[in-house]
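Secondary and tertiary structure notes
One letter stands for each residue in the lines below.
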Amino acid sequence: MKQDIILCGVGGQGILSIATIIGWAALDQNLHLKQAEVHGMSQRGGDVQSNLRISDTEIFSDLIPKGECNLIVSLEPMEALRYLPYLAPDGWIITNTQPFVNIPNYPTIEAIEKELERVGRVISLDVDAIAREVKSPRSANMVLLGAAASVLKMLSPELLEQGIAHVFGRKGQALVDINIEAFRAGLNAAKK
Amino acid sequence: MRKQLLLGDEALALGALHAGLSGVYAYPGTPSTEITEYIQQSALARERNVHSDWSANEKTAMEAALGASYAGKRALVCMKHVGMNVCADAFVNSAMTGANGGLVVTACDDPSMHSSQNEQDSRFYADFAMMPCFEPATQQETYAMIQAAYEMSERRRIPILMRLTTRMAHSRAVVEVNDEARPQNEIHFPENPRQWVLLPANARVRNEQLIADYASFEDDAATMGFNQYFEGNDCSMGIITCGIAYNYLMEQFPEGCPYPVLKIQQYPLPTAMIRRLAQNWNRILVMEEGQPMVERRLVGVLPTTATISGRLDGTLPRTGELTPDSVRAAVGLEPRPELAASQVAVPRPPALCQGCGHRDFYTALNNVIAQYPTARVFSDIGCYTLGWLAPFHAFHTCVEMGASVTMSLGAALSGVHPSVAVIGDSTFTHSGMTGLLDAVNAEAPVTICISDNLTTGMTGGQDSAGTGRLEAICRGIGVKEDHVRVIVPLPKNYDEMERVIREEIEYKGVSVIIARRECIQTLKRHASQKSK
Ligand SMILES: Cc1ncc(C[n+]2csc(CCOP(=O)(O)OP(=O)(O)O)c2C)c(N)n1
């Protein structure tokens with residue numbers, strides 16, 4: 001079994017901590033993992049993505065081939081669309097609905113929604129609002145991870161929670177609890 | 001043995017530490033920065049007192065490492081590919097001195113130019129310096145290879161070039177690592193001290209020796225096990241892969257590649273292995289990341305019976321990094337069905353952060369320059385290069401580190417006025433200072449603006465070599481005291497900033513304007529560190 005995931009968003013939104021938690025969980029399960037990250041220039045407010053591949057057999061390419069990505073997880077709705085050629089015919093998109101507008105020609109929300117409808121298999125959530133509801137406004141990325149956990153077949157939600165505890169553990173139990181709560185809120189919202 | 005999730009950069013760093021490293025000498029540059037940062041944060045490195053402070057530039061890094069090697073220690077040099085140009089003199093001549101303690105130079109190439117100004121391929125440097133070169137395909141191999149490189153460097157008494165490309169440097173995978181590290185070397189000096197004094201008489205002798213040694217480097221490339229030949233059943237072609245190209249090939253054939261494959265990860269080119277491949281198949285497909293170096297070597301000039309395919313005949317794209325998709329097409333497989341690219345997703349270029357001091361500096365500069373239609377502004381490499389984009393469109397050139405100062409000098413000497421340079425603090429100490437000395441000696445009418453955010457911003461906020469001493473450096477180089485001016489780039493200061501810039505443009509000599517305000521990214525980081 002193999003799962004190819006593209007994590008995307010805008011530089012500074014925190015896609016790398018999502019990747020770190022999934023990576024911890026995959027390592028814990030003795031799975032193979034490859035994760036190509038973007039560092040450098042585009043982190044200055046440009047589009048950023050990370051290719052994450054998990055498998056129980058050897059993985060060769062660090063990059064996901066076109067048409068093979070099982071899951072696009074996006075912290076920003078327009079960014080979710082940037083990687084459509086990579087999406088597998090039965091692949092899913094899980095995206096935040098809150099736009100990050102830092103360019104003058106940002107498309108209308110209607111245009112983005114229409115394009116997402118074209119794909120069909122989409123879970124759209126306002127992760128910022130959900131994070132605020134559970135009083136952890138800075139954990140929007142964990143809400144999104146929770147939503148992704150609903151379709152991340154190879155890693156159970158319980159395991160990902162352990163990953164959160166591991167990654168944030170150094171910074172204290174309070175932060176772990178906040179992030180796990182955000183994660184659960186995302187998971188529940190996605191199941192609806 | 002234990003398993004860790006490591007970037008290629010980190011696997012290299014840890015492998016070097018486990019090989020008994022005594023010092024890493026480096027200047028930051030994407031995608032190489034994380035090698036040095038890993039060592040800076042490593043408990044083992046701290047325990048062993050491994051040097052890991054940033055160097056002023058790649059040349060000082062290379063030379064310091066050569067000094068460490070002279071003293072018998074194992075040393076590592078790291079840089080992005082264009083850093084090789086900066087350290088080329090030291091690098092090429094280090095093959096002439098040879099290594100005493102193991103010396104490995106790591107160059108991280110950036111095909112597709114994700115964060116770079118060109119696509120140069122560092123393997124060429126190893127080739128013409130007559131140095132061995134290693135190019136791993138996986139993070140696990142990177143970890144093993146750096147250790148083998150140190151062993152070979154000491155056995156053959158030669159520095160070694162490790163070449164990584166972006167997708168190896170910045171991709172994470174599970175790596176099995178040793179529990180123990182080899183001890184560090186004790187101080188010991190070279191057996192042949194003449195070789196380290198490159199007077200022509202010594203250098204001529206050494207050159208003959210190096211050429212003779214080069215043949216043994218090729219033997220190593222055939223026997224050390226990193227270059228591998230895999231048999232295949234389909235005789236219609238043979239494939240040569242270099243470095244990570246192997247991964248993209250095997251991605252197409254998870255059950256095994258039907259074609260015979262020569263996987264190259266160590267140079268000089270293993271010629272006997274290539275001949276073996278060519279004997280049996282009359283078409284050879286070469287897949288390499290970067291420039292078509294191996295392919296061109298095989299194609300040569302005179303006609304051959306074999307067909308050589310790759311980037312030169314269009315089987316693979318001539319430029320840009322390889323991808324699983326371009327390699328799929330090259331081996332003749334049908335593309336997988338894919339959705340059309342969305343027209344709704346528009347480009348989102350990087351931009352200067354909101355609140356960044358470079359923004360305020362450019363605003364003030366633009367207001368002054370607007371009154372001088374003949375002005376030319378020469379900028380440089382760093383976050384402030386983003387000032388070329390909207391809304392600032394603030395300058396006319398950006399070439400390589402330090403060029404702002406010297407290009408403004410050349411233009412001023414050719415009659416351009418005002419001639420203004422814009423350079424970051426780290427870029428200034430990297431290679432702007434010597435150009436400033438030329439300007440002072442020429443008494444040229446140039447206005448050199450150092451946009452000082454107290455850090456090396458573009459690469460993630462590393463320490464900057466001249467922090468706190470820029471005025472003293474400029475005065476020491478000979479800029480007159482009254483023409484070293486400091487301004488604070490904030491909207492409330494626009495009037496004063498513009499007055500200073502105008503005064504210095506009107507001055508018919510060398511002036512330096514330092515626009516100083518801390519990078520808001522490092523400011524945030526420092527604030528959160530304090531609150532802990
Ligand atoms: C020869 C060379 N080495 C390294 C780099 C990578 N690099 C690009 S910009 C930069 C930092 C510039 O820092 P600074 O001049 O202080 O400007 P800032 O980014 O902080 O605005 C570095 C290290 C490069 N492009 N060329």
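How each quantity is defined
Residues numbered from 1 in each chain as written. Chains lettered and ligands numbered in written order. Predicted model: local features only at pLDDT ≥ 70, side-chain atom pairs only at ≥ 80, totals over all residues. Heavy atoms only, no water. Helix = DSSP H or I, 4+ residues; strand = E, 2+ residues; numbered from the N terminus. Rg over C-alpha atoms; globule rule 2.2 N^0.38 Å. Buried < 20%, exposed > 50% of the residue type's maximum accessible area, 1.4 Å probe, protein only. Contact = heavy atoms within 4.5 Å. Areas by Shrake-Rupley, 256 points an atom, 1.4 Å probe, with all protein chains shown as cover. Lys, Arg positive; Asp, Glu negative; His and termini not counted. Charge placed at Lys NZ, Arg CZ, Asp CG, Glu CD. Buried area = accessible area lost by both parts, 1.4 Å probe. Salt bridge = Lys/Arg side-chain N within 4 Å of Asp/Glu carboxyl O. Polar contact = N/O pair within 3.5 Å; in protein donor to acceptor, adjacent residues only side chain to side chain. Pairing = 2+ DSSP bridges. Phe/Tyr/Trp six-rings, centres within 6.5 Å; stacked < 30°, edge-to-face > 60°. Right-handed = clockwise from strand over helix to strand, strands pointing away. Axes fitted to C-alpha atoms, helices over the stretch in contact; angles between N-to-C directions. Left-handed = near helix turned anticlockwise from the far one by under 90°. Domains from an automatic or database assignment. Nonpolar A, V, L, I, M, F, W, Y, C, P; charged D, E, K, R; others polar. Parallel < 35°, antiparallel > 145°, perpendicular 65-115°, else oblique. Near = heavy atom within 4 Å.

Moving on: the overall build of chain A. Within chain A, the secondary structure is distributed over seven helices and six strands. Along chain A, helices and strands appear, N-terminal first, in the series β-α-β-β-β-α-β-α-β-α-α-α-α. Here the C-alpha radius of gyration of chain A, 16 Å, is about what a compact globule of 192 residues would show, namely 16 Å. Projected onto its principal axes, the C-alpha coordinates of chain A cover approximately 40 × 40 × 35 Å. Of all 192 residues assigned to chain A, the portion counted as buried reaches 60%. Considering only contacts within chain A whose residues lie at least 6 apart along the sequence, 66% involve residues at least 24 apart. When the accessible surface of chain A is totalled, it reaches about 7700 Å², and 51% of it is carbon and sulfur. Considering chain A, the positive charge centre built from 18 side chains and the negative charge centre built from 22 side chains are found 2 Å apart.

This paragraph deals with the interface of chain B and chain A. Listed as interface residues are 44 residues of chain B and, on the opposing side, 49 residues of chain A. The junction of chain B with chain A conceals about 4100 Å² of combined surface from both sides, 57% of it contributed by carbon and sulfur atoms. For the chain B face of the interface with chain A, the top three residues by lost area are Leu339, Val344 and Arg348 of chain B, together amounting to 19%. Applying the counting rule to chain B against chain A returns five salt bridges. Notably, a salt bridge pairs Glu76 of chain A with Arg348 of chain B, separated by 3.2 Å at the nearest N-O pair. Seen at the junction of chain B and chain A, the total is 18 residue pairs in polar contact (both at pLDDT 80 or more). Elements represented by at least two residues in the side of chain B that touches chain A include exactly strand E1 (2-7), strand E7 (171-177), helix H11 (245-252) and helix H14 (324-330) of chain B. As paired strands, strand E2 (residues 32-36) of chain A and E7 of chain B are joined by three bridges and run antiparallel to one another.

Residues and elements named next belong to chain B. Per the stated rule, a full pass over the model turns up 11 aromatic pairs over all chains. Look at Tyr70 and Phe189: their rings are 5.6 Å apart centre to centre, the planes differ by 50 degrees, and that puts the pair in the tilted class. Taken together, the residues span a long stretch of sequence, with Tyr70 in helix H4 (residues 58-70) and Phe189 in the loop between E7 and helix H10 (200-223) at a distance of 119 residues. Plain terms: the ring middles of Tyr125 and Phe128 are 5.6 Å apart, the flat faces sit at 35 degrees to each other, and that makes the pair tilted. One end of the pair, Tyr125, and the other, Phe128, are both in helix H7 (residues 123-129), three residues apart, so they sit about a helical turn from each other.

On to the pattern of salt bridges. Within this structure, the stated rule accounts for 40 salt bridges over all chains. Among the ionic pairs, Glu63 of chain B bridges to Lys59 of chain B, the shortest N-O distance being 2.8 Å. On the criterion of helical spacing, the pair formed by Glu63 of chain B and Lys59 of chain B is a turn pair, its members being four residues apart in helix H4. On the basis of relative accessible area, Lys59 of chain B is assigned to the partly exposed category, the value being 33%. Across the pair Arg157 of chain B and Glu191 of chain B runs a salt bridge whose closest N-O atoms are separated by 3.2 Å. Taken together, the residues Arg157 of chain B in the loop between helix H8 (139-156) and strand E6 (160-165) and Glu191 of chain B in the loop between E7 and H10 connect sequence positions 34 residues apart. Classification of Arg157 of chain B by relative accessible area gives partly exposed; the value is 32%. Taken together, the salt bridges that share partners define one network made up of Lys2, Asp4, Arg53 and Glu68 of chain A together with Glu251 and Arg336 of chain B.

Take the pairing of strand E9 (residues 238-242) of chain B next. Residues and elements named next belong to chain B. For E9, the buried fraction is high: five of the five residues fall into the buried class. Here E9 shows two buried faces, one formed by Gly238, Ile240 and Cys242 and the other by Ile239 and Thr241. Bridge count for E9 against strand E12 (residues 283-287) is four bridges, and the pairing is parallel. Counted as the bridge partner of Ile240 is Val286 from E12. Across four bridges, E9 lies against strand E10 (residues 261-264) in parallel orientation. Note on E10: the bridge partner recorded for Thr241 is Lys263. Between the parallel elements E9 and E10, the chain passes through H11 in a crossover that is right-handed.

Residues and elements named next belong to chain B. Close contact between helix H1 (residues 8-18) and H8 brings their axes to 8 Å; oriented N to C, the two are set at 35 degrees. In the crossing of H1 with H8, the sense of the turn from one axis to the other is right-handed. Only Gln139, Thr142, Tyr143, Ile146, Gln147 and Tyr150 of H8 make contact with H1, whose side of the interface consists of Gly8, Ala11, Leu12, Leu14, Gly15, Ala16 and His18.

Turning our attention to the domain arrangement of chain B. Many authors give the size of an interface as the accessible area that is lost as the parts come together. Residues and elements named next belong to chain B. The assigned domain composition of chain B is domain 1 (2-223), domain 2 (228-335) and domain 3 (357-524). One C-alpha centre belongs to domain 1, the other to domain 2; they are set 27 Å apart. Between domain 1 and domain 2, the contact holds 28 residues from the first and 24 residues from the second. Buried surface at the junction of domain 1 and domain 2, both sides included, amounts to about 2300 Å², of which 50% is carbon and sulfur. Run the count over domain 1 and domain 2 and you get four salt bridges. When the shortest N-O distance is used, the salt bridge between Glu141 and Lys263 registers 2.8 Å. Our enumeration of links across domain 1 and domain 2 arrives at 18 residue pairs in polar contact (both at pLDDT 80 or more). Of all the secondary-structure elements, those providing two or more residues to the side of domain 1 that touches domain 2 are H7, strand E5 (133-134), H8, E6, helix H9 (166-169) and H10. For the side of domain 1 that touches domain 2, the element with the highest residue contribution is H10, accounting for five residues. Of the residues contributing to the side of domain 1 that touches domain 2, the split by class is 13 nonpolar, five polar and 10 charged.

Our focus in this paragraph is the sheet that holds E9 of chain B. Residues and elements named next belong to chain B. Read from one edge to the other, the open sheet built from five strands follows the order E8-E10-E9-E12-E13, with strand pairing classed as mixed. Where the open sheet ends on each side, the last strands, each with one partner, are strand E8 (228-230) and strand E13 (307-309). Sheet twist, expressed as the mean angle between neighbouring strand axes with direction ignored, is 15 degrees. Where H11 meets the sheet, its contacts fall on E8, E9, E10 and E12, and the angle it forms with E9 comes to roughly 135 degrees.

Okay, the packing of H8 of chain B against H10 of chain B next. Angle between the axes and distance between the axes: these two values describe a pair of packed helices. Residue and element names in this part refer to chain B. Between H8 and H10, the least distance of the axes is 12 Å, while the angle of their chain directions is 150 degrees. Put simply, H8 runs roughly antiparallel to H10. Note on packing geometry: the crossing formed by H8 with H10 is right-handed. Contact residues: H8 offers Met152, Arg155 and Arg156, while H10 offers Ser216, Phe217 and Asp220. Split into classes, the residues belonging to the contact of H8 with H10 amount to two nonpolar, one polar and three charged.

Take the site of the ligand next. Residue and element names in this part refer to chain B. Taken together, 26 residues sit near the ligand, with Glu58, His358, Thr427, Asn453 and Gly457 positioned nearest. Residue Cys383 places a main-chain N or O atom 2.8 Å away from an oxygen atom belonging to the ligand. Between the ligand and the protein, one listed contact pairs an oxygen atom with a side-chain N or O atom of Thr427 at 2.6 Å. Protein contacts shield 97% of the accessible area of the ligand, which totals 590 Å² for the unbound molecule. Where the shell around the ligand is concerned, the elements lending two or more residues are helix H5 (83-86) and helix H17 (425-431). Per-element accounting of the shell around the ligand gives the leading share, four residues, to H17. Class assignment for the residues of the shell around the ligand results in nine nonpolar, 14 polar and three charged. No fewer than three residues from each of domain 1 (2-223) and domain 3 (357-524) sit in the shell around the ligand.

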